[in-house]
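Examination of the molecular architecture
What follows is each chain in one-letter form.
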Amino acid sequence: MVKNLKYLRMEKNISQQKLAEIIGVSQQSINKYENHNIEPDIATLILLADYFNTSVDYLIGNTDINHKIQIIEPYDLNSDESALINNYRKLTSPEKDSIKNIITIYLKQ
């Protein structure tokens with residue numbers, strides 16, 4: 001059930017024991033979640049998603065989007081605007097901050 005838990009844990013380089021301590025379950029439970037022996041309750045899934053800054057849907061394999069789902073504003077975009085947004089999403093956080101700073105500078109003029 002928790003398809004991506006082991007991947008996220010390994011990516012963050014955290015042991016089953018440490019993760020268990022953080023979310024308040026036993027190390028055996030983490031092992032069982034990863035090996036599909038038991039399924040965590042929804043409260044535990046939420047704790048795991050919050051810790052890994054992802055969504056419950058990603059944890060259980062319903063989506064490939066591995067970050068929290070954010071509320072988005074609906075806009076009708078032309079192809080140029082869509083391309084800008086798609087490219088922006090590919091940037092690192094520092095690169096995104098640079099773009100935001102440039103926009104702020106232009107808007108002040």
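Residues numbered from 1 in each chain as written. Predicted model: local features only at pLDDT ≥ 70, side-chain atom pairs only at ≥ 80, totals over all residues. Heavy atoms only, no water.

**Concerning the packing of helix 2 (residues 16–23) against helix 3 (residues 27–34)**
At a minimum axis separation of 8 Å, helix 2 and helix 3 run at an interaxial angle of 110°. For the element pair helix 2 / helix 3, the angle class is roughly perpendicular. Two secondary-structure elements touch here, helix 2 through Gln-16, Gln-17, Leu-19, Ala-20 and Ile-23 and helix 3 through Gln-27, Ile-30, Asn-31 and Glu-34. Each residue belonging to the contact of helix 2 with helix 3 can be placed in one class, and the counts come to 4 nonpolar, 4 polar and 1 charged. (Axes fitted to C-alpha atoms, helices over the stretch in contact; angles between N-to-C directions. Helix = DSSP H or I, 4+ residues; strand = E, 2+ residues; numbered from the N terminus. Parallel < 35°, antiparallel > 145°, perpendicular 65-115°, else oblique. Contact = heavy atoms within 4.5 Å. Nonpolar A, V, L, I, M, F, W, Y, C, P; charged D, E, K, R; others polar.)

**Some words on the packing of helix 2 against helix 4 (residues 42–51)**
Put simply, helix 2 and helix 4 touch, their axes get as near as 10 Å, and they point 110° apart. In terms of their interaxial angle, helix 2 and helix 4 are classed as roughly perpendicular. Between helix 2 and helix 4 lies a crossing of right-handed hand. Residues Leu-19, Ile-22 and Ile-23 of helix 2 lie in contact with helix 4, whose contacting residues are Thr-44, Leu-47, Leu-48 and Tyr-51. Residue composition of the contact of helix 2 with helix 4, grouped by class: 6 nonpolar, 1 polar and no charged. (Left-handed = near helix turned anticlockwise from the far one by under 90°.)

**Remarks on the pattern of salt bridges**
Evaluation of the coordinates by the stated rule reveals 3 salt bridges. For the salt bridge of Asp-50 with Lys-68, the shortest nitrogen-to-oxygen distance reads 3.0 Å. Of this pair, Asp-50 sits in helix 4 while Lys-68 sits in the loop between helix 5 (56–59) and helix 6 (79–89), placing them 18 residues apart in sequence. Judged by relative accessible area, which is 43%, Asp-50 ranks as partly exposed. (Salt bridge = Lys/Arg side-chain N within 4 Å of Asp/Glu carboxyl O. Buried < 20%, exposed > 50% of the residue type's maximum accessible area, 1.4 Å probe, protein only.)

**Quick look at the packing of aromatic side chains**
What the rule picks out here adds up to 1 aromatic pair. When the centroid spacing of 4.9 Å and the interplanar angle of 80° are considered together, the rings of Tyr-51 and Phe-52 count as edge-to-face. Given the relative accessible area of 23%, Tyr-51 is considered partly exposed. Over the aromatic face of Tyr-51 sits the side chain of Lys-12, whose NZ or CZ is 4.4 Å from the ring centroid. (Phe/Tyr/Trp six-rings, centres within 6.5 Å; stacked < 30°, edge-to-face > 60°. Lys NZ or Arg CZ within 6 Å of the ring centre and 35° of its normal.)

**Let's talk about the environment of Ile-38**
Within the secondary structure, Ile-38 sits in the loop between helix 3 and helix 4. Sequence spacing of Ile-38 and Ala-20 is 18 residues, and the spatial spacing of their C-alpha atoms is 15 Å. Contacts of Ile-38, omitting those with residues within four sequence positions, involve Ser-29, Lys-32 and Tyr-33.

**Some remarks on a nonpolar patch on the surface**
A cluster of nonpolar side chains, namely Ile-99, Ile-102, Ile-103, Tyr-106 and Leu-107, defines an oily patch on the protein surface of about 530 Å² accessible area. For Leu-107, the position within the fold is in helix 7 (residues 93–108). Look at Leu-107 and you get exposed, because its relative accessible area is 69%. (Patch = residues over 30% accessible without salt bridge, like charges linked within 9 Å, V, L, I, M, F, W, Y side chains within 5 Å. Areas by Shrake-Rupley, 256 points an atom, 1.4 Å probe, with all protein chains shown as cover.)

Spatial relationships are all this shows, so hold off on functional conclusions.
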